[in-house]
Amino acid sequence: MLEKNIEKKLVKAVKDKGGLCLKLNSLSMIGIPDRLILMNKGKIGFVELKQKGLKPRPIQIRRIKDLRKLGFKCFVIDDVERIGGVIDEICST
Ligand SMILES: [Mg+2]
């Protein structure tokens, strides 16, 4: 499945759970994750979307590491099957 289609399903799934799934297009920093997910009670997580089987680019991996070091949850989704689990993980803790 194409990244664009996985992204559409993610946006809908987050919306269905009452959250926001913001597209990130930073002009000042390349490689940041595609989406910022904001859920009830201040839960947040970043998601990099990929076409099935594709891995993040090195700059994207570096951004994910940097965000995790700051304590943020970051996920890579290349399969619609993962969407529910990622949203649950963002909402937990
Ligand atoms: Mg992407």
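Since the structure is predicted, the reported quantities are computational estimates derived from the model, not experimental observations.

### As for unusual backbone geometry
Here Lys-41, not a glycine, exhibits a phi torsion of approximately 65 degrees, which is positive. For Lys-41, the location among the structural elements is in the loop between strand 2 (35–39) and strand 3 (43–49). Among the residues examined, Lys-41 registers a relative accessible area of 72% and is labelled exposed.

### Things to note about the side chain of Lys-43
Position of Lys-43 relative to the elements: it lies in strand 3. Asp-88 provides the closest opposite charge to the buried, salt-bridge-free Lys-43, at an N-O distance of 12 Å. A polar contact is formed between the side chain of Lys-43 and the backbone oxygen of Cys-91, at a distance of 3.4 Å. Those residues in contact with Lys-43 that lie beyond four places of it in its chain are Ile-37, Leu-38, Ile-90, Cys-91, Ser-92 and Thr-93.

### Focus on the pairing of strand 4 (residues 73–77)
Side-chain positions along a regular strand alternate between the two faces of the sheet. Bridge count between strand 3 and strand 4: five bridges; the pairing is parallel. Along strand 4, the bridge assignment pairs Phe-46 with Cys-74. Each parallel crossover has a hand, and for strand 3 linked through helix 2 (residues 58–69) to strand 4 it is right-handed.

### Quick look at the coordination of the magnesium ion
The magnesium ion binds to the protein through Glu-3 (OE), Asp-34 (OD), Glu-48 (OE) and Leu-49 (O), with metal-donor distances spanning 2.1 to 2.4 Å. Judged by its relative accessible area of 2%, Glu-48 falls in the buried class.

### Considering the packing of aromatic side chains
Applying the stated criterion across every chain, the model contains one aromatic pair. Aromatic pair Phe-46 and Phe-72: ring centres 5.6 Å apart, planes at 85 degrees, arrangement edge-to-face. Of this pair, Phe-46 sits in strand 3 while Phe-72 sits in the loop between helix 2 and strand 4, and the two are 26 residues apart along the sequence. Classification of Phe-72 as partly exposed rests on a relative accessible area of 32%.

Rules of the game
- Residues numbered from 1 in each chain as written.
- Predicted model: local features only at pLDDT ≥ 70, side-chain atom pairs only at ≥ 80, totals over all residues.
- Heavy atoms only, no water.
- Helix = DSSP H or I, 4+ residues; strand = E, 2+ residues; numbered from the N terminus.
- Buried < 20%, exposed > 50% of the residue type's maximum accessible area, 1.4 Å probe, protein only.
- Lys, Arg positive; Asp, Glu negative; His and termini not counted.
- Salt bridge = Lys/Arg side-chain N within 4 Å of Asp/Glu carboxyl O.
- Polar contact = N/O pair within 3.5 Å; in protein donor to acceptor, adjacent residues only side chain to side chain.
- Contact = heavy atoms within 4.5 Å.
- Pairing = 2+ DSSP bridges.
- Right-handed = clockwise from strand over helix to strand, strands pointing away.
- Donors = N, O, S within 2.8 Å, 3.2 Å for Na, K, Ca; no water.
- Phe/Tyr/Trp six-rings, centres within 6.5 Å; stacked < 30°, edge-to-face > 60°.

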